[in-house]
Structure formats: structure tokens, C-alpha cells
Amino acid sequence: MSISSEDARHVAGLARLELTDKELRAYTEQLNQILNYARELEKLHTDNIEPTYSSLNTGTLLREDKVCNFTDQAGLLENGPEVAGSSFVVPRIL
Amino acid sequence: MHKLSLKEARRKLWRGETTSELLTENVFQQIQAHEPVVQAYLSIYREQALAQAKAADERLKKGDTDGAPLLGLPLALKDNLNLAGTETTCASKILKGYISRYTATAVQKLLDAGAVITGKLNLDEFAMGSSTENSALQKTTNPWDKERVPGGSSGGAAAAVAADECFGSLGSDTGGSIRQPAAFCGIVGLKPTYGLVSRYGLVAFGSSLDQIGPLTKTVEDAALLLNVIAGYDEKDSTSVNRPPEDYTADLNSDIAGKRLAVIKELSGEGIDAGVRQAIEKMLDKLREQGAVIETVALPSFKYALAAYYLVATSEASANLARFDGVRFGHRNKSARGTLEMFKRSRAEGFGPEVKRRIMLGTYALSAGYYDAYYLKAQKVRTLIRQDYARAFAKYDAVLSPTSPSVAFKFGAKVNDPLSMYLSDIATIPVNLAGLPGISVPCGLENKLPVGLQIATPEFTERKLLQIAAAAERSSGFERMHL
């Protein structure tokens, strides 16, 4: 299985990355190299093996979903590239 | 005084033979003298650090050291750890100028223990890399040889400790990012068991693999820092609630009768001959101390690197989705729509390796490929855990080189991603299984340090540090001093 530069363009779209044609060519080649190396995995029979999503035996522990205020709201807004009042401004969607 | 270990500096402080202000001044003099070449620091907090040092001296004068095991000791942080009010860049253009509004739990624990924070340290952008060459901000050099890389991704954290520009640092380790640079710079690097140290406030890369840990001059120093940063935190849902332990407790116990196994898959092909020789000599010294050393085959390891790069990049592609130019970080100003703004901001803000990994991870998670790549990789992870479990049924620890080579020259691997990834081949299985692992300097090859990696079962850091301390005692390794 190898990926074409069209596949790479599709993936770049999914990843929200605007890539130049030169970057796309380079990444297509490098991804194929890496995926080719990953083909090694196909040799392994894993049909009866359970996946390990986390190395913790306890799984993910949940806490009570309590609302608490963040103390430095002004600081958060200061990091915003464009802010109006307590909102982050983005370019028009419609 | 900057050459002292953390433990030695603490002893002098507690005995009143020096002050925190003097220690801190000494560190800043060292920084001033050597940073032009080493370039480990991205930010330096001279004023704040000296204020912290003065406050610590007041407490020391009163004998008020309870609950403050690091009182007055200068330490530094990898720049992917949040400290409220400071810039956190992850060595990326996309976060340049970003000011943290909260403090990572591990960092807060250092502050609560009285530590003086000297600054933030360089890394591969978003901790993705093995040489720190992927930093978008500056080039950190190896204090042993300025033509060579310090390793990565915690390259700044390792170089600063090796150059005596701090008494210890905190880094993060997703696939070897603490241990490999520690090996390259001739210091100690510890990756704790997944879940032992809270990840809250660490900028996420591969969430099921990331762990914060210390980089230090000695094994004992690593244990001292682990004592402070370990522990349950409700702000990290993967943090494990366990009774506290004193990780320094067994450091002086001998290792006679300990059963150690050299990993067959990491002792032959793919490992440089000089590195193998340094490890062999180290093994002889461990034998002299009464350890029983055998070889163990862990056949799943040959699949570890491929599995890792699928798991880590998949998780990274999801974690890095938050950098979209809306709430923080770089934003492209010319985009006409929101989608275009996302795409351009990310394209301009991320460097080549980060983009490459986002692409690989997005592909591995995309429709039609999920089972073949991501799911398959997670199954390989199970096989790796099973291999370790079989080994640990018979042995106390498994050993290997930390890295297949000593520090390489700048530019040697930048154009070949796969060859760069291969430098993590020995460290990656430890993360996939969530185990604790440590790199201890064990000798020199071509005048450059070689690291011995030791791994033990989960939450057995005491035993890990005991074996590491025995290796350190018998290695005869001497740190370099600039």
C-alpha cells in the first residue's frame, strides 16, 4: 500500500495544513518510506490479541464533573490573537 | 560550586556553608560564560530566581526547611512545561509569545519544595525529535563536543545539566526524550512509570506515552527529584493513586543476587560496536558486584519502532489540533475564511517535523486505514507488554544501551526521518509498555558518553534506582566540566 500525492493532499486537508506542492511531494515520499517500514507489522498475526490503548491496568479514572471558575480569565484572553470583550474573534464563516 | 551535585549543594546549604543566593549567582555566572555556545536556555529568569533564592535564605536562616527538600536549589524546566506568567513556546513559532496562565503540577511541586527556577530549556519542537535540531528557535550544542547534537527532545534540559548551568532539570519522555539526551550528554535521565507523575500542565504530544521526569548529575539526585514530583493528582485522569515512597531508600543497598537480563534484540545488529563494548565492560562490573547477568529474547521489539510512530503520531495529530490560531498562538492575518485561517496559521506556525508527524498520524487515523495502522500498532503494544512480563517473571531488570550510537554530528540525520527515528529504538519499548526506565552514563566511546538503559516492572522505581546507583558506583565515569 503506497500513498500518492493526491492522497497526501487529502490528508493535509483533514489535518488543516496548507502545504505547498514542494512540501506535498517531500511528505508523500517520506510517508511512503515510513509506511513501508511499518509494513513489517503485517507479518505479525494479531487477530486474537487485545489492543493496549493505555498501559494503566486501572483504565482511566473519572472524577466528579464539577464546574469551577478559572481564576485568570483576563490572562487567557490576552493570549488571543484577536479578542472582542470576552470573545475570540474569527474570520467570517458564512 | 555550580559543579556540585544537587545533593552536595543541598548539604552545603543546610550546613550553612553557602547560601542559595550564592549558589544561584554561581549558576548564572556559568550560564553567562557558556550559553553563547551551549544555548540550552530559551528563557532565563535571573531576577525572579534571585528573589526566590533570597526568600529561601531567609527560611534557611530560621531553620524552616520542613516540607521543602529542594529549598534554595536552582533547577530548570523543559519549555513544554507550564509555569504561570512565563512564556511557554515548545520551541515552536506557533507558540512564540504564549504566556502560561497556570502551572504544571510537577512544576508546582518543585516550587512548593522550595526550588529556585532559573529558566526554560530548548527542545525539539513540541518534543518531536531526537537531536533538538527541530527547535524552531535555537541550536543547542552538546557540552562534550560542540559539533555534536545534545540528543532530544529534552536536549536543552540535558545540555544545561551537563554544562552545570543548573543542578537538575525536568524534561518529558514520549519515546526516549529524557533518556537519550541524558545518554548523549553524560548525565542521568529517568522516565518514571506512566501515571506516577502528573502530566497536568505538560503540553501533550502522545498522551498515552508522555511522562515527566528528572535529568540530573547523579542517580541520587534523580531519586530526590522523583520524591518531590511523584504522586496522585486529580487534575490528570491517568495519574495513579499510590502511597508515597522514598525513592532514595535503597540507593546504597548492594545488588548481589539481582538477576539482570541483557535484551538480545538490542545488543547486536544496529548497535555501534563501540557502544556495545562500553556496555559489555559495564556488565562485567555489575557481575563483580554479584549480579547474575543473562540474555533474554524479546522478539516483539523488532516491531516496536513502527508501532510507536503510528501510536505517537496518531495521538499527536489529535493533540495538536488545538493549535488553530483562534484562542492562542500564531494566526495568519490574510485568510478570508475560518478554514483558510486554520490551514494557513498551522502551515506557518509548525515546522517540518511537526507537519510530517501530523500528516502521518492523520493518515493512520483516517477512514479505511485505522485498523491496518492504529489498531494494529496498539495490538503490538500488547505483545511488547507480554514480552516484558515474561522477562520480569525471571529477572529483576532488563538492560540495553540507551541509544545505538553516541552523540552524532549536526545535520547527520535531518534529511532522513527514518534514520533519526531509529536512534530511539532502545527507548521506545519502555514507553509503549508504560514502564520506568533510566539512562546512566557507563563509559566513553570515542571520547563521548555512552548510556546504559535499565528498565524494571511498573512502579518499581526503588529497585530501578538501586540498580542504577550500583552501576553508577562501579562505572568509574567522570562528568565533564566546562
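Here the structure is shown first, and the text comes after it.
Cut-off values and rules
- Residues numbered from 1 in each chain as written.
- Chains lettered and ligands numbered in written order.
- Predicted model: local features only at pLDDT ≥ 70, side-chain atom pairs only at ≥ 80, totals over all residues.
- Heavy atoms only, no water.
- Helix = DSSP H or I, 4+ residues; strand = E, 2+ residues; numbered from the N terminus.
- Buried < 20%, exposed > 50% of the residue type's maximum accessible area, 1.4 Å probe, protein only.
- Contact = heavy atoms within 4.5 Å.
- Pairing = 2+ DSSP bridges.
- Axes fitted to C-alpha atoms, helices over the stretch in contact; angles between N-to-C directions.
- Salt bridge = Lys/Arg side-chain N within 4 Å of Asp/Glu carboxyl O.
- Buried area = accessible area lost by both parts, 1.4 Å probe.
- Polar contact = N/O pair within 3.5 Å; in protein donor to acceptor, adjacent residues only side chain to side chain.

(A) Focus on the environment of Y232(B). All names here are of chain B. Inspection of the secondary structure assignment puts Y232 in the loop between helix 7 (219-229) and strand 7 (259-263). By relative accessible area, which is 39% here, Y232 ends up partly exposed. It is 7.1 Å that separates the C-alpha atoms of Y232 and L196, two residues lying 36 residues apart in sequence. Ignoring anything within four residues of it in the chain, the contact list for Y232 reads S239, V240 and N241.

(B) Geometry of the sheet that holds strand 1 (residues 41-44) of chain B. Residue and element names in this part refer to chain B. The eleven strands lie next to each other as 1-3-2-4-6-5-10-11-9-7-8, forming an open sheet whose pairing is mixed. The open sheet is flanked by strand 1 and strand 8 (292-296), the only strands paired with a single partner. Recorded for the sheet is a direction-independent mean angle of 30° between the axes of neighbouring strands. When strand 7 meets strand 9 (residues 397-401), the two strands line up parallel, connected through three bridges. Directly across from V262, in strand 9, lies its bridge partner L399. The strands touched by helix 4 (residues 105-112) within the sheet are strand 2 (74-78), strand 3 (116-121), strand 4 (169-173) and strand 6 (211-216), with strand 2 carrying the most contacts at an inclination of about 175°. Helix 8 (residues 273-288) contacts strand 7, strand 8, strand 9, strand 10 (437-445) and strand 11 (448-455) of the sheet and is inclined by roughly 55° relative to strand 11.

(C) Layout of the pattern of salt bridges. All names here are of chain B. This structure, assessed with the given rule, holds 29 salt bridges over all chains. Between K12 and E17 there is a salt bridge, with its nearest N and O atoms 3.5 Å apart. Under the relative-accessibility criterion, K12 is labelled partly exposed at 29%. Residue E17 is classed as partly exposed on the basis of its relative accessible area of 47%. Between R462 and D250 there is a salt bridge, with its nearest N and O atoms 3.0 Å apart. With R462 in helix 15 (residues 461-475) and D250 in the loop between helix 7 and strand 7, this pair connects stretches of sequence that are 212 residues apart.

(D) Spotlight on the interface of chain A and chain B. Every contact between the two is made by 55 residues of chain A and, on the other side, 68 residues of chain B. Together chain A and chain B conceal approximately 5,600 Å² of surface at their shared face, both sides included; 65% is due to carbon and sulfur atoms. Broken down residue by residue, the surface that chain A buries against chain B is led by Y37(A), L41(A) and N79(A), which jointly contribute 12%. As a salt-bridge pair, R344(B) and E18(A) come within 3.3 Å of each other at their nearest N and O atoms. Seen at the junction of chain A and chain B, the total is 21 residue pairs in polar contact (both at pLDDT 80 or more).

Geometric values such as these leave the question of function open.
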